[in-house]
Amino acid sequence: MAGEREQEERDRVINWDPELRNMPREVRNVIAPTPLKGTDAMQFRCHPGISCFNECCQNIEILLTPYDLLRLRRRLNLSAEEFLLQYATLYTMNKGQLPVAMLRMDEQSGRCPFVTDAGCSVYSDRPVTCRYYPLGMALLHRQQATEDESFYFMIKEDFCQGHREECRWQVEEWRRDQGSDGYDERNQKWMEFIIKRRSAGDGVSTSLPVSEFFYMASTNPEKFREFVFQSSFLQRYHVDEAQLQQLRTDDEALIDFALSWLKSVLFGDQDVRVKPDAIAAYKANKQAKKAQEEKKSE
Ligand code: SF4
Ligand code: SF4
């Protein structure tokens, strides 16, 4: 009976977030059925002497956020394309609308490419998913609410002995200790875009290849920079001089700008505005085309 109740509770938590529902059963089954707030208590400790050391660094799905990718690439001194080729696979969220990069595990062993006997070889630049573990974060969309709420959940896998260690935290303390806060801030615009795209459902037009631009912005700022500076983008969109200078060299600023632009295109936000003369040129062009078609049909 207690087991049934626990399963019902677990299903309730999982049903709140569409991405959790899409996760494989073995992942869903290890989600503890209690949503957590930042001030809630948790018990956990991980250290190199623990019997399960490195067990969690294999057969896992690690989504790479834009800031994860920047940190790892800088650490390994690789271009975006080199990193993606060597270490990433493509995964699509939201019924195929949002392509994202996942860390590619070794095909034979299922191990993370960065794990060594001494632990994580990129520890100070490890992805935010690794920093959160054993916590996960999910989104709750209440009907008629304008914004989604986020909550944490605990992942309790049998092999992980860290839950048995006598060490207590508040969820927020754990996240701070693992250095996830800076990552969350850096990834904020990206998360906001995903949440807004998901909440908008199928009603939002995707006439622009939003998915491709989203993937480019998330994974390859060099390529997005080429698009901004080497296409007609700057003839069409207003970007002030100071921001333009920043976008030439600052990858983090470029990613934020790209996501603001996508939000403007997709949801009509006003962060990146079309130039008035570009609108006038567009209207004139449209009228000229219409006139041409009318002439042809006479
Ligand atoms: S305690 Fe858990 S997180 Fe730490 S090494 Fe063991 S399995 Fe991984
Ligand atoms: S990046 Fe580091 S912490 Fe994360 S799975 Fe790989 S080895 Fe483990």
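Here, the structure is the one placed above.
Only a predicted model underlies this, so the values are computations on that prediction, with no experimental measurement involved. (Residues numbered from 1 in each chain as written. Chains lettered and ligands numbered in written order. Predicted model: local features only at pLDDT ≥ 70, side-chain atom pairs only at ≥ 80, totals over all residues.)

## Structural notes on the overall build of the protein
So, point 1. Along the protein, the regular secondary structure elements total 15 helices and 9 strands.
So, point 2. Counting only residues that meet the buried cut, the protein has 21% of its 298 residues in that class. (Helix = DSSP H or I, 4+ residues; strand = E, 2+ residues; numbered from the N terminus. Buried ≥ 20, exposed ≤ 12 C-beta atoms within 10 Å, placed from the backbone.)

## So, the sheet that holds strand β3 (residues 88-93)
So, point 1. Here 3 strands make up an open sheet; going across it, the order is β2-β4-β3 and the pairing antiparallel. Unpaired on one side and paired on the other, β2 (63-64) and β3 mark the two borders of the sheet.
So, point 2. As paired strands, β2 and strand β4 (residues 98-103) are joined by 2 bridges and run antiparallel to one another. Bridge assignment links L64 to a residue of β4, and that residue is A101. (Pairing = 2+ DSSP bridges.)

## A word on the site of ligand 1
So, point 1. All residues in the neighbourhood of ligand 1 are listed as C46, I50, C52, F53, E55, C56, Y133, F159, C160, Q161 and G162.
So, point 2. The residue makeup of the shell around ligand 1, split by class, is 8 nonpolar, 2 polar and 1 charged. (Near = placed C-beta within 6 Å. Nonpolar A, V, L, I, M, F, W, Y, C, P; charged D, E, K, R; others polar.)

## Overview of helix α10 (residues 210-219)
So, point 1. Those residues of α10 lying buried are F214, Y215, A217, S218 and T219.
So, point 2. Buried residues in α10 make contact with α4 (66-76), α5 (80-87), β4, α9 (188-200), α11 (221-230) and α14 (251-267). (Contact = placed C-beta atoms within 7 Å.)

## Some words on the nonpolar core
So, point 1. Counting 18 residues, the largest nonpolar core has L64, L69, F83, L84, A101, L103 and C112 as its most contacted members.
So, point 2. Those elements that provide at least two residues to this core are α4, α5 and β4.
So, point 3. Ignoring anything within four residues of it in the chain, the contact list for F83 reads L69, L72, R73, L76, L78 and A88.
So, point 4. The next biggest cluster of nonpolar side chains, apart from the first, holds 16 residues, and it includes F193, I194, Y215 and L266. (Core = buried A, V, L, I, M, F, W, Y, C linked by C-beta atoms within 7 Å.)

## So, the site of ligand 2
So, point 1. Neighbouring residues of ligand 2: C57, C112, F114, V115, C120, V122, R126, P127 and C130.
So, point 2. In terms of residue class, the shell around ligand 2 is built from 8 nonpolar, no polar and 1 charged.

## Observations regarding the environment of M154
So, point 1. Here M154 shows up in strand β8 (residues 149-154).
So, point 2. When the 20 C-beta atoms within 10 Å are taken as the criterion, M154 is described as buried.
So, point 3. Measuring from C-alpha to C-alpha, the distance between M154 and P134 comes to 5.9 Å, with 20 residues separating the pair along the chain.

## A look at the packing of α9 against α14
Two measures define how a pair of helices packs: the angle their axes make with one another and the distance between the axes.
So, point 1. Closest axis-to-axis distance for the α9/α14 pair is 9 Å, and the angle between their directions is 20 degrees. Our classification of the angle between α9 and α14 gives roughly parallel. Like other packed secondary-structure pairs, α9 and α14 cross with a definite hand, here left-handed. The residues of α14 that touch α9, namely those facing K189, W190, F193, K196 and A200, are D256, L259, S260, L262, K263 and F267.
So, point 2. In the contact of α9 with α14, the residues fall into 6 nonpolar, 1 polar and 4 charged. (Axes fitted to C-alpha atoms, helices over the stretch in contact; angles between N-to-C directions. Parallel < 35°, antiparallel > 145°, perpendicular 65-115°, else oblique. Left-handed = near helix turned anticlockwise from the far one by under 90°.)

## A look at helix α15 (residues 276-297)
So, point 1. An ideal rise of 1.5 Å per residue puts 32 Å on 22 residues; α15 measures up with 32 Å between its terminal C-alpha atoms.
So, point 2. Sparse coverage of α15 is indicated by the burial of 0 of its 22 residues. (Expected span 1.5 Å × (residues − 1).)

## A look at the pairing of β4
So, point 1. With 6 bridges joining them, β3 and β4 adopt antiparallel strand pairing. Across the sheet, L90 pairs through a bridge with A101, a residue of β4.

## What to know about unusual backbone geometry
A negative phi holds for most residues other than glycine; trans holds for most peptide bonds.
So, point 1. Each neighbour pair has its own omega, and for Y133 with P134 the value is 15 degrees, a cis peptide bond.
So, point 2. Considering the arrangement of structural elements, one finds P134 in the loop between α6 (128-132) and β7 (135-140).
So, point 3. Of note, the phi angle at N54 is positive, near 80 degrees, even though the residue is not glycine.
So, point 4. Among the structural elements, N54 can be located in the loop between β1 (41-43) and β2.
So, point 5. A residue is classified by how many C-beta atoms lie within 10 Å of it, and N54, with 16 of them, is partly exposed.
So, point 6. Of note, the phi angle at N59 is positive, near 50 degrees, even though the residue is not glycine.

## Considerations on the environment of R197
So, point 1. Here R197 shows up in helix α9.
So, point 2. Between the alpha carbons of R197 and F267 there is a distance of 8.7 Å; along the sequence they are 70 residues apart.

## Some remarks on the environment of D271
So, point 1. Mapped onto the elements of the fold, D271 is located in the loop between α14 and α15.
So, point 2. By C-beta crowding, D271 is classed as partly exposed, having 13 other C-beta atoms within 10 Å.
So, point 3. It is 5.9 Å that separates the C-alpha atoms of D271 and S260, two residues lying 11 residues apart in sequence.
So, point 4. Beyond its immediate sequence surroundings of up to four residues, D271 is in contact with S260, K263 and S264.

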